[in-house]
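One-letter residues, chain by chain:
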Amino acid sequence: MANKPVLLTGIQPSGDLHIGNYFGAMKPFVELAQTGGYQTYVMVVDYHALNTVQDSDQMRRRIREIAMAYLAVGLDPNEIILFQQSAVPAHTELAWIFDAITTMPYLMRAHAFKDAEAKNKEISVGTFNYPMLMAADILLYDTTLVPVGKDNKQHIEITRDTAEKFNRIFKEEVFTLPEGHIQSGVEIVPGTDGQKMSKSYGNVIQLFGSHDDLVKAVMSIVTDSSGERPQNVYAIHKLVRSEEELEQMYTEHKGNYKVLKEFLIEDLDRYFAPIRAKHEELKSDDSIVDLVLEAGKREARAVSETKMEQVRRAIGVA
Ligand code: TYM
């Protein structure tokens, strides 16, 4: 186990999980984890979410939901290290060290920051520093591969730059440079309005929503009345059904958007049934989530502390 390459991911407990999270990040991650070729770390990145979730009940509930979701999508609790970011102090400590070697102009080039600025949002310091905490998440564990959606590509580049910069300044190869893994074909899962599916745009199809939620979301998919094929419906449909089958279906029911949406509802229902069943099972006995998180915390603390000792020596505070 010790010499396997490290696979790592994180999801924020900041809203209901949606099928964009699933196809963009969770599914590719689970498929790689199931090969057995990796040491696997999975984080609930609650301190990242603190920038947007500032309600203790909501935060507590969502942390558990994310942990449970990871178990429901097929990760084996005995094979992974699943933990809360906040339970491992090394993450914020290393983020501070990265803050000290990173310039403001460099972080001002980050897309997430520029988007927020363009929308004239009042940006928290935590949002500005988000990439530094993410770099710490990844670099603490000598990560090799990080499956993410395309929206996180730049974050991985920042992580690599930061690792290189640290190693250069302190003249020691402390950090391994990670690679991002973006699943081809699902770089950005579109939402019901055709924009990127996102918790913050209110255009999601929930991963664990009710049947009624699903019907409501699919029926609200924006269709372009000028074309014969509703592109926004098709783009989601091809995630759960082969394009050959869809060719036939979309040709046969050309222009009949309602019927095509009904097929999509059926197909999404069928596709996610096993995951939802597992999720229900976990909900009925959630003590397993506590056990897994507790074990994950111990392991992640031990590994990250060893790395931090090396970091502190390299920068000269120890
Ligand atoms: P979060 O919770 O915002 O998103 C979790 C993952 O879902 C992917 N994703 C999508 N992929 C395709 N299409 C979409 N519409 C879509 N929406 C979301 C995101 O790319 C992401 O992979 N920055 C991370 C959290 C994080 C992290 C880490 C990830 C913090 N530290 C360390 C990996 C490693 C994020 O965006 O979370």
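Since the structure is predicted, the reported quantities are computational estimates derived from the model, not experimental observations.

### Points about the site of the ligand
In step 1: In the neighbourhood of the ligand, 28 residues make up the surrounding shell, with Tyr130, Asp137, Asp151, Asn152 and Val189 lying closest.
In step 2: Measuring from an oxygen atom of the ligand, one finds a side-chain N or O atom of asparagine 21 at 3.1 Å.
In step 3: The contact in question runs from a nitrogen atom of the ligand to an N or O atom on the side chain of aspartate 137, over 2.7 Å.
In step 4: Alone, the ligand offers 720 Å² of accessible surface; in the complex the protein occludes 95% of this.

### What to know about empty space enclosed by the protein
In step 1: Summed over all chains, the structure comprises one cavity of 30 Å³ or more.
In step 2: Each pocket or cavity is described by its volume, and for the largest cavity that value is around 50 Å³.
In step 3: As for the largest cavity, its lining consists of Ala110, Ala112, Phe113, Thr127, Phe128, Tyr130, Pro131 and His155.
In step 4: Those elements giving two or more residues to the lining of the largest cavity turn out to be helix H6 (111–118) and helix H7 (125–139).
In step 5: At four residues, the largest contribution of residues to the lining of the largest cavity is made by H7.
In step 6: Class assignment of the residues belonging to the lining of the largest cavity gives a composition of six nonpolar, two polar and no charged.

### Focus on the domain arrangement of the protein chain
In step 1: Domain parsing of the protein chain yields domain 1 (6–186 + 286–315) and domain 2 (199–280).
In step 2: Computed from C-alpha coordinates alone, the two centres of domain 1 and domain 2 are separated by 30 Å.
In step 3: Residue-level contacts link 21 residues of domain 1 with 17 residues of domain 2.
In step 4: Carbon and sulfur atoms make up 69% of the area that domain 1 and domain 2 hide from each other, which totals about 1,500 Å².
In step 5: When the area that domain 1 buries against domain 2 is broken down by residue, the three leading residues are Ile19, Phe23 and Ala72, summing to 35%.
In step 6: In this assembly, domain 1 and domain 2 are joined by zero salt bridges.
In step 7: The interface formed by domain 1 and domain 2 holds four residue pairs in polar contact (both at pLDDT 80 or more) in total.
In step 8: When contributions to the side of domain 1 that touches domain 2 are tallied by element, the ones reaching two or more residues are helix H1 (19–33) and helix H3 (56–72).
In step 9: Counting residues per element, the side of domain 1 that touches domain 2 draws most heavily on H1, at six residues.
In step 10: Along the lines of polarity and charge, the residues of the side of domain 1 that touches domain 2 split into 12 nonpolar, six polar and three charged.

About the criteria used
Residues numbered from 1 in each chain as written. Predicted model: local features only at pLDDT ≥ 70, side-chain atom pairs only at ≥ 80, totals over all residues. Heavy atoms only, no water. Near = heavy atom within 4 Å. Polar contact = N/O pair within 3.5 Å; in protein donor to acceptor, adjacent residues only side chain to side chain. Areas by Shrake-Rupley, 256 points an atom, 1.4 Å probe, with all protein chains shown as cover. 1 Å grid on protein atoms, 1.4 Å probe; cavity = no way out; pocket = protein on both sides within 12 Å on 5 of 7 lines; lining within 4 Å. Points joined across faces, edges and corners; volume = space filled by probe spheres on them. Helix = DSSP H or I, 4+ residues; strand = E, 2+ residues; numbered from the N terminus. Nonpolar A, V, L, I, M, F, W, Y, C, P; charged D, E, K, R; others polar. Domains from an automatic or database assignment. Contact = heavy atoms within 4.5 Å. Buried area = accessible area lost by both parts, 1.4 Å probe. Salt bridge = Lys/Arg side-chain N within 4 Å of Asp/Glu carboxyl O.

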